[in-house]
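# An overview of the molecular structure
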Amino acid sequence: MSGSAVHDVDLEDALNRISIPAYTVDTAGVVTWLNAAGRRIVGEARGRQFTSFVAPEETRHVREVFARKIAGHAPVTDFESVVLDSDGGRLKVQISSVPLLDGERVVGVFGQIGAMQEEQQPIVPLELTPRQHEVLRLLERGRSTDEIAAELHLSRETVRNHINGLLRALGVKSRLQAVALAHGDYVH
């Protein structure tokens, strides 16, 4: 295909037919476009906030990633998250997104969702604070105290305090027990 022939192709139609969910979000966080594969997962989402189909414990993290992208500080982001499908089920996903530019100005975000797998409902109590949910998510991914501090932009001591609060809230004595409890593999 010559370069000029590529420009004559309807890219939106092609993106609508691929089996990988793809979407666009404006600078206010509202979904402006979603391909057919995406609609099969979350339903008709155009006009809704993108955070409306993110698991509650993931909301803060995806908002931070989105804000960095809109501010122009993140040319590409690849991260794991949990989204809620149209039936309320949880899907663990890999999200890859880039800013949409009009010249130098960021006007939105284009993203694709891959590596989807069903996730069991978390067994941890909902009484955890959003920050405790974030810390638990990072502990599940094997992050150290220093890695959690860097990722959440917190001091090492603050992360230790969050971990101690998390352990108390879950009624366990170690990080390993907290992760096992979250996966349903730990019996008190």
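Below, the structure is looked at part by part. (Residues numbered from 1 in each chain as written. Predicted model: local features only at pLDDT ≥ 70, side-chain atom pairs only at ≥ 80, totals over all residues. Heavy atoms only, no water.)

### Some points on the packing of helix H5 (residues 130–140) against helix H6 (residues 145–152)
For the pair H5 and H6, interaxial distance at closest approach is 10 Å and the crossing angle is 130°. Looking at the two axes, H5 sits oblique to H6. Judged by the twist between their axes, the crossing of H5 over H6 is right-handed. For the pair H5 and H6, the contacting residues are Arg131, Glu134, Val135, Arg137, Leu138 and Leu139 in the first and Ile148, Glu151 and Leu152 in the second. (Axes fitted to C-alpha atoms, helices over the stretch in contact; angles between N-to-C directions. Helix = DSSP H or I, 4+ residues; strand = E, 2+ residues; numbered from the N terminus. Parallel < 35°, antiparallel > 145°, perpendicular 65-115°, else oblique. Left-handed = near helix turned anticlockwise from the far one by under 90°. Contact = heavy atoms within 4.5 Å.)

### Digging into the nonpolar core
Side chains of nonpolar character tend, in soluble globular proteins, to be buried together. The biggest cluster of nonpolar side chains holds 20 residues, and the ones touching the most others in it are Val31 and Phe50. Going through the elements one at a time, strand S1 (22–26), strand S2 (31–34), helix H3 (36–42), helix H4 (59–70), strand S3 (77–84), strand S4 (90–102) and strand S5 (105–119) are the ones with two or more residues in this core. Beyond its immediate chain neighbours, meaning those up to four positions away, Val31 contacts Thr24, Val25, Ala45, Arg46, Gly47, Arg48, Phe50 and Phe53. Grouped together as the second largest cluster of nonpolar side chains are 18 residues, Leu136, Leu152, Val159 and Leu166 included. (Core = buried A, V, L, I, M, F, W, Y, C linked by side-chain atoms within 4.5 Å. Buried < 20%, exposed > 50% of the residue type's maximum accessible area, 1.4 Å probe, protein only.)

### Notes on the environment of Pro75
Mapped onto the fold, Pro75 is located in the loop between H4 and S3. Assessed through its relative accessible area of 61%, Pro75 is described here as exposed. The spacing of Pro75 and Pro99 is 24 residues in sequence and 6.4 Å in space, taken between C-alpha atoms. Beyond its immediate chain neighbours, meaning those up to four positions away, Pro75 contacts Ser97, Val98 and Pro99.

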